[in-house]
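# Examining the three-dimensional arrangement
Residues per chain, in single letters:
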Amino acid sequence: MTARSNATTESVERELVITRIFDAPRSLVWSAWAEPERMARWAGPKGFIMTSCEMDCRPGGAFRMSMRSPEGATNHRVRGVYHEIEEGERLVYTWAWVDEEGKAGHETLITITFADDGDKTRLTLHQAFFESVTARDSHRGGWTSSLDCLAEYLAQA
């Protein structure tokens, strides 16, 4: 295997792609991602509580969120900057966990696409590049649970 193909394999291994079909119109699914009052109601893995959700959903705008674990002892903070916004179609933004001193960790780039699938919505989440496969797998678990919470929210909205 060449050095180039090794680099490509390592890059793919450090990417996360999740596709889900939601039983809701695209406009509602979009709003759940673009409006802080909606995002605060579902974002985070099952059992986590969003304690703050600040979003300036425009290119160059920033977001900051904080969520408390079910045990209540840990606040998980994240921040990022929106790079691209195509209303109802696509969101592109950075994502970095923030430590207790306010220092951002490794930054990834997230792309969320929204598409009609009959009267439902197909959402695809792409996040790259993680520092390791272990970090990617941890995010897969968190996003899968969070998207389950989104499905529950959309069913009630």
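Coordinates for the structure precede this section.
What this report covers is the structure whose coordinates are included nearby. (Residues numbered from 1 in each chain as written. Predicted model: local features only at pLDDT ≥ 70, side-chain atom pairs only at ≥ 80, totals over all residues. Heavy atoms only, no water.)

### Focus on the pairing of strand S4 (residues 75-86)
- Bridge count between strand S3 (residues 62-68) and S4: 7 bridges; the pairing is antiparallel. When the sheet's bridge partners are listed, Ser-66 is paired in S4 with Arg-77.
- Hairpin connection of S3 to S4: 6 residues between the antiparallel strands, including Gly-72 at a positive phi of 80°.
- Pairing analysis gives 7 bridges linking S4 to strand S5 (residues 90-98), with the strands arranged antiparallel. Across the sheet, the residue bridging to Glu-86 is Arg-90, located in S5.
- Taking the residues between adjacent antiparallel strands as the criterion, S4 and S5 are bridged by 3 residues, where Gly-88 takes a positive phi near 75°. (Pairing = 2+ DSSP bridges. Helix = DSSP H or I, 4+ residues; strand = E, 2+ residues; numbered from the N terminus.)

### A closer look at unusual backbone geometry
- With omega at -10°, the peptide bond leading from Ala-128 into Phe-129 counts as cis.
- Tracing the chain through its elements places Phe-129 in the loop between strand S7 (120-128) and helix H4 (133-156).

### Digging into the packing of helix H2 (residues 26-34) against H4
- Remark: H2 packs on H4, axes separated minimally by 11 Å, with the N-to-C direction vectors making an angle of 125°. With respect to H4, the element H2 is oriented oblique. Here the hand of the crossing between H2 and H4 comes out right-handed. Along its contact with H2, which presents Leu-28, Val-29, Ala-32 and Trp-33, the element H4 presents Trp-143, Leu-147, Leu-150, Tyr-153 and Leu-154.
- By residue class, the composition of the contact of H2 with H4 is 9 nonpolar, no polar and no charged. (Axes fitted to C-alpha atoms, helices over the stretch in contact; angles between N-to-C directions. Parallel < 35°, antiparallel > 145°, perpendicular 65-115°, else oblique. Left-handed = near helix turned anticlockwise from the far one by under 90°. Contact = heavy atoms within 4.5 Å. Nonpolar A, V, L, I, M, F, W, Y, C, P; charged D, E, K, R; others polar.)

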